[in-house]
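Report on the structure
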Amino acid sequence: LFTKHQKENSNAVKDILVVLENDIKRTDRNLEEFQDLHGPYLNLLRNVLITYSLFNKDIGYVQGMCDIASIFVLLY
């Protein structure tokens, strides 16, 4: 999704990825779809949230967005 150079040289991207990755690891762990950290559901959730956060820079990523977005990922 990002090159090594982009991750290392952009504080905004680094900040978003750190918070987002921590939240993604805790998202709906009781549901089978989200138990595999490298599974398709968490990857889709990660991509959706990164895209939203970078596209909507005024809001960015805030804690708890995973809980809301995970419902849409399951429905999709």
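Position numbers for residues count from 1 along each chain, tracking the sequence in the order it is written. Only residues with pLDDT of at least 70 are given local features in this predicted model, and only at 80 or more are side-chain atom pairs given and counted; all residues enter the totals for whole chains, interfaces and linings. To obtain the side-chain values, all non-hydrogen atoms of the structure were included, while hydrogens and water were left out.

**Some remarks on the packing of aromatic side chains**
In summary, the pairing rule links any two rings of Phe, Tyr or Trp, Trp by its six-membered ring, whose centres are within 6.5 Å, and it sorts them by plane angle into stacked for under 30 degrees, edge-to-face for over 60 and tilted for everything else. Per the stated rule, a full pass over the model turns up one aromatic pair. When the ring of Phe-34 is compared with that of Tyr-41, the centres are 6.1 Å apart and the planes differ by 70°; the resulting orientation is edge-to-face.

**A look at the nonpolar core**
Buried residues of nine kinds, namely Ala, Val, Leu, Ile, Met, Phe, Trp, Tyr and Cys, make up a nonpolar core once their side-chain atoms join them within 4.5 Å. For the exposure calls, accessible area comes from a 1.4 Å probe over protein chains only, and a residue counts as buried if that area is under 20% of its type's maximum, exposed if over 50%, partly exposed in between. In this structure, Leu-20, Leu-45, Leu-49, Tyr-61 and Cys-66 are the most contacted members of the largest nonpolar core, which totals 15 residues. For this core, the secondary structure elements donating two or more residues are helix H2 (11-25), helix H3 (40-55) and helix H4 (65-75). Broken down by element, this core gets its largest block of residues, five residues, from H2. Aside from chain neighbours lying at most four places away, what touches Leu-45 is Thr-27, Phe-34, Cys-66, Ala-69, Ser-70 and Val-73. Helix and strand definitions here come from DSSP, where helices need a minimum of 4 consecutive H or I residues and strands a minimum of 2 consecutive E residues; each element is numbered from the N-terminal end. Two residues form a contact once any of their heavy atoms are found within 4.5 Å.

**Here's the deal with the packing of H2 against H3**
Where helices are involved, their axes are fitted lines through C-alpha atoms of the stretch in contact, as for all axes, and angles between N-to-C directions lie from 0 to 180°. Relative orientation of the contacting elements H2 and H3 amounts to 145°, with a least axis distance of 11 Å. Crossing of H2 over H3 shows right-handed handedness. The segment H2 lies against H3, with Val-13, Ile-16, Leu-17, Leu-20, Glu-21 and Ile-24 engaging Leu-42, Arg-46, Leu-49, Ile-50, Ser-53 and Leu-54. For this classification, the nonpolar set comprises Ala, Val, Leu, Ile, Met, Phe, Trp, Tyr, Cys and Pro, the charged set comprises Asp, Glu, Lys and Arg, and every other residue, Gly included, is treated as polar. Among the residues forming the contact of H2 with H3, the class breakdown is nine nonpolar, one polar and two charged. In this scheme the handedness of a crossing depends on how the near helix is turned from the far one: anticlockwise by less than a right angle means left-handed, clockwise means right-handed.

**Some points on a nonpolar patch on the surface**
A surface patch of nonpolar side chains, amounting to about 480 Å² of accessible area, comprises Ile-68, Ile-71, Phe-72 and Leu-75. Along the chain, Ile-68 falls in helix H4. A relative accessible area of 55% places Ile-68 in the exposed class. Within this analysis, patches are made of residues with over 30% relative accessible area and no salt bridge. Like charges are joined at 9 Å or less; nonpolar side chains (Val, Leu, Ile, Met, Phe, Trp, Tyr) at 5 Å or less. Residue-level accessible areas treat just the shown protein chains as cover; the underlying method is Shrake-Rupley with a 1.4 Å probe. Just to be clear on terms, a salt bridge is a Lys or Arg side-chain nitrogen sitting within 4 Å of an Asp or Glu carboxyl oxygen.

**Things to note about the packing of H3 against H4**
Relative to each other, H3 and H4 sit at 120°, their axes nearing to 10 Å. Between H3 and H4, the crossing angle belongs to the class labelled oblique. Along this stretch, H3 crosses H4, giving a crossing that reads as right-handed. From H3, Tyr-41, Leu-44, Leu-45, Leu-49 and Tyr-52 reach across to H4, where they touch Met-65, Cys-66, Ala-69, Ser-70, Val-73 and Leu-74. An angle below 35 degrees is read as roughly parallel, one above 145 as roughly antiparallel, one from 65 to 115 as roughly perpendicular, and any other as oblique.

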